[in-house]
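The chain contents come next:
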Number of protein chains: 2
Amino acid sequence: MTVKQLPLPELVAHCVRLGIPGIGLWREPVRAYGTEDAAALVRDAGLAVTTLCRGGFFTTDGWEEDNRAAIDEAAALGTDTLVLVSGGLPEGSRDLPGARARIADAIGALAPYAEERGVRLAIEPLHPMFASDRCAVSTLDQALEIAERFPAERVGVTVDTYHLWWDDRAPAAVARAGAAGRIHSFQLADWTTPLPAGVLHGRGQLGTGAIDLPGWAALVERAGYTGPVEVELFNDGLWARDGAEVLEETLEAFLAV
Amino acid sequence: MTVKQLPLPELVAHCVRLGIPGIGLWREPVRAYGTEDAAALVRDAGLAVTTLCRGGFFTTDGWEEDNRAAIDEAAALGTDTLVLVSGGLPEGSRDLPGARARIADAIGALAPYAEERGVRLAIEPLHPMFASDRCAVSTLDQALEIAERFPAERVGVTVDTYHLWWDDRAPAAVARAGAAGRIHSFQLADWTTPLPAGVLHGRGQLGTGAIDLPGWAALVERAGYTGPVEVELFNDGLWARDGAEVLEETLEAFLAV
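Because the structure is a prediction, the values reported are computed rather than measured.

1. Concerning the pattern of salt bridges
All names here are of chain A.
And step 1. Counted by the stated rule, this structure contains 28 salt bridges over all chains.
And step 2. Across the pair R17 and E248 runs a salt bridge, and its minimum N-O distance is 2.8 Å. In this pair, R17 sits in helix α1 (residues 8-18) while E248 sits in helix α11 (residues 243-256), placing the two residues 231 residues apart along the sequence.
And step 3. Across the pair R176 and E148 runs a salt bridge whose closest N-O atoms are separated by 3.0 Å.

The structure is reproduced here in structure tokens:
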């Protein structure tokens, strides 16, 4: 998503050229390219698919069919992790605890299907500014409270610095998640202001914002995480530029932080 | 601030006409009108000044002089409560815990001066989307952790629905704050999306958004709060309209929720 302007074959070629060993894919470009073809493309290049983004939106009608499809796509791509963005308040509702309960129920209903296909579910808490319209799960503690109802190898969490950096309880939650083997995915983005309208596309290039990213990496490492580190930037400015250039710049920024 | 397009004398006249018994004032219009003149205007109309907004920004140079002036202005206006927006990260810093420690120290340095002048300090947690640039105090728990270092009648908190509605720990914190007599101010605004660029001016008219406002009012009431209820909307759309009309509409919305 960081370089969504790059068609999948170009993305794969640039990753190979730059020595980037794996990529987190999003469903839309994968489906547009063809899931089996995308799987073959990435596999033949020797790249890992680190995660598939995203399932979730459990408070919207049709969630079950869509999430089963997402699990199937993850399995086809050969990744073991499906990231879940859980969804906000149902249309017309003001019941945030009710939305969270509905999300937990949906994950419970989905977990056996994911297990059969060898796919882990990674609940991603999103920044509280998305609580009403994208994700009622706002903190790592909330994500863990749901994940802990299931075996760690089946349901865990995504730790994304952009969403969690402000929370003074997050470091303890990271330690708890790591000790239980529940950190299934770790993503980096920086916090820059002013936020753009709609706030979705304001994620900053690594090192340009307010987040102590080396500190977060150390925190996750101390918690025992040894998996891939993804960079996930939604940024209109980056998307408007040459994709290969942005990818190179992002790799440099990643290594620098 | 909800109707900042209204000059102070018109605001006071409309409040009297509509039976609104008190107003929370902001420093800029008060200073522009003259603090003593503003105090006389409001007092002669029989209105209470519920709070003065705002002191704070403790992570910026010059905070001490500015906050002493704010305390003097609050005392002159006859309000017992100065709302504090604590400030974000210092320029170039990524140390959020350090910013919070600096804020606590500043409040400690300021408290005796406020006490001498009969002014309570009300620490307002702001939504986490403001953590870097406006307020490193993001949750009611964090605000209470600072306030609890001081006597309750001197340092408390502001409960603002807009900033706290998403937090599943906030209800317990409201109960704890109320039991200790630390809720010094209660403000209403609704959460509406999409957020505008910069996110500061996106507060929704009561009843138009995602927040269960009657539920929040009941929560604060159960916690023992009997003080004024303020409506504080920052909204470019409302500011562009006729102020008296917006004031009437806001009163209706307030009574309806």
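2. Considerations on the sheet that holds strand β6 (residues 183-188) of chain B
Residue and element names in this part refer to chain B.
And step 1. Taken together, seven strands build an open sheet; the order of strands is β1-β2-β3-β4-β5-β6-β9 and the sheet is parallel. Both outer strands of the open sheet, β1 (22-26) and β9 (229-231), are each paired with one neighbouring strand and no more. Within the sheet, the average angular offset between the axes of one strand and its neighbour, ignoring direction, is 30°.
And step 2. Relative to strand β2 (residues 48-56), β1 runs parallel, the two sharing four bridges. Each residue of the ladder has a partner; that of G22, found in β2, is A48.
And step 3. Where helix α9 (residues 213-222) meets the sheet, it contacts β5 (155-160) and β6, and its direction lies at approximately 170° from that of β6.

3. Re the UniProt feature "domain: Xylose isomerase-like TIM barrel" (unreviewed entry) in chain A
And step 1. According to UniProt, the feature "domain: Xylose isomerase-like TIM barrel" (unreviewed entry) maps to residues 13-249 of chain A in the numbering used here.
And step 2. Secondary structure across residues 13-249 of chain A divides into 43% helix and 18% strand, with the first and last C-alpha atoms of the span separated by 16 Å.

4. Considering empty space enclosed by the protein
Residues and elements named next belong to chain A.
And step 1. Enumeration over the complete set of coordinates arrives at one cavity of 30 Å³ or more.
And step 2. Lining of the largest cavity is provided by 14 residues; of these, W26, V85, L126, R203 and F234 occupy positions nearest its centre.
And step 3. In terms of residue class, the lining of the largest cavity is made up of eight nonpolar, one polar and five charged.

5. Some thoughts on the environment of A:E73
Residues and elements named next belong to chain A.
And step 1. Relative to the helices and strands, E73 is located in helix α4 (residues 63-77).
And step 2. Exposure remark for E73: the relative accessible area of 8% places this residue in the buried category.
And step 3. Each C-alpha atom of the pair E73 and T35 lies 6.6 Å from the other, and the pair is 38 residues apart in sequence.
And step 4. Those residues within four positions of E73 in sequence are excluded, and the remaining contacts are R27, R31, T35 and L52.

6. Comments concerning the packing of helix α1 (residues 8-18) of chain B against helix α3 (residues 35-44) of chain B
Residues and elements named next belong to chain B.
And step 1. Two elements in contact, α1 and α3, have axes separated by 10 Å at closest approach and are oriented at 15°. By the angle between their axes, α1 is roughly parallel relative to α3. Crossing handedness for the pair α1 and α3: right-handed. Facing L8, P9 and V12 of α1, the residues of α3 in contact are A38, L41 and V42.
And step 2. Here the contact of α1 with α3 is composed, by residue class, of six nonpolar, no polar and no charged.

7. Digging into the interface of chain A and chain B
And step 1. Listed per partner, the contact involves 32 residues of chain A and 32 residues of chain B.
And step 2. In this assembly, chain A packs against chain B so that about 2400 Å² is buried in total across both faces, 56% of it on carbon and sulfur atoms.
And step 3. Per-residue buried area on chain A facing chain B is highest for A:R94, A:W166 and A:R169; these three make up 25% of the total on that side.
And step 4. Our enumeration of links across chain A and chain B arrives at two salt bridges.
And step 5. Taken together, the links from chain A to chain B amount to 16 residue pairs in polar contact (both at pLDDT 80 or more).
And step 6. Classifying every residue of the side of chain A that touches chain B gives 15 nonpolar, 10 polar and seven charged.

8. Quick word on the relation of the copies chain A and chain B
And step 1. For the pair chain A and chain B, the superposition axis carries a translation of 0.0 Å, the fit reaches an RMSD of 0.0 Å, and the rotation angle comes to 180°. The symmetry that links the two subunits is that of a two-fold axis. In terms of proximity to the rotation axis, the leading residue of chain A is A:A197, whose C-alpha is 1.8 Å off the axis.
And step 2. Both copies contact each other with a shared surface, as 100% of the interface residues of chain A are interface residues in chain B too.

9. Re unusual backbone geometry
Trans is the prevailing form of peptide bonds, just as negative phi is the prevailing case for residues other than glycine.
Residue and element names in this part refer to chain A.
And step 1. Between C53 and the following residue, R54, the backbone shows a cis peptide bond with an omega angle of -5°.
And step 2. Looking at the element boundaries, R54 is found in strand β2 (residues 48-56).
And step 3. The step from T193 to P194 runs through a cis peptide bond, and the omega angle for that step is 0°.
And step 4. Here P194 shows up in the loop between β7 (190-191) and β8 (203-204).
And step 5. The backbone of V199 sits at a positive phi, close to 55°, despite the residue not being glycine.

The rules behind the values
Residues numbered from 1 in each chain as written. Chains lettered and ligands numbered in written order. Predicted model: local features only at pLDDT ≥ 70, side-chain atom pairs only at ≥ 80, totals over all residues. Heavy atoms only, no water. Salt bridge = Lys/Arg side-chain N within 4 Å of Asp/Glu carboxyl O. Helix = DSSP H or I, 4+ residues; strand = E, 2+ residues; numbered from the N terminus. Pairing = 2+ DSSP bridges. Axes fitted to C-alpha atoms, helices over the stretch in contact; angles between N-to-C directions. Contact = heavy atoms within 4.5 Å. UniProt positions renumbered as here; feature names shortened; annotations may be inferred. 1 Å grid on protein atoms, 1.4 Å probe; cavity = no way out; pocket = protein on both sides within 12 Å on 5 of 7 lines; lining within 4 Å. Points joined across faces, edges and corners; volume = space filled by probe spheres on them. Nonpolar A, V, L, I, M, F, W, Y, C, P; charged D, E, K, R; others polar. Buried < 20%, exposed > 50% of the residue type's maximum accessible area, 1.4 Å probe, protein only. Parallel < 35°, antiparallel > 145°, perpendicular 65-115°, else oblique. Left-handed = near helix turned anticlockwise from the far one by under 90°. Buried area = accessible area lost by both parts, 1.4 Å probe. Polar contact = N/O pair within 3.5 Å; in protein donor to acceptor, adjacent residues only side chain to side chain. Least-squares fit on C-alpha atoms with pLDDT ≥ 70 in both.

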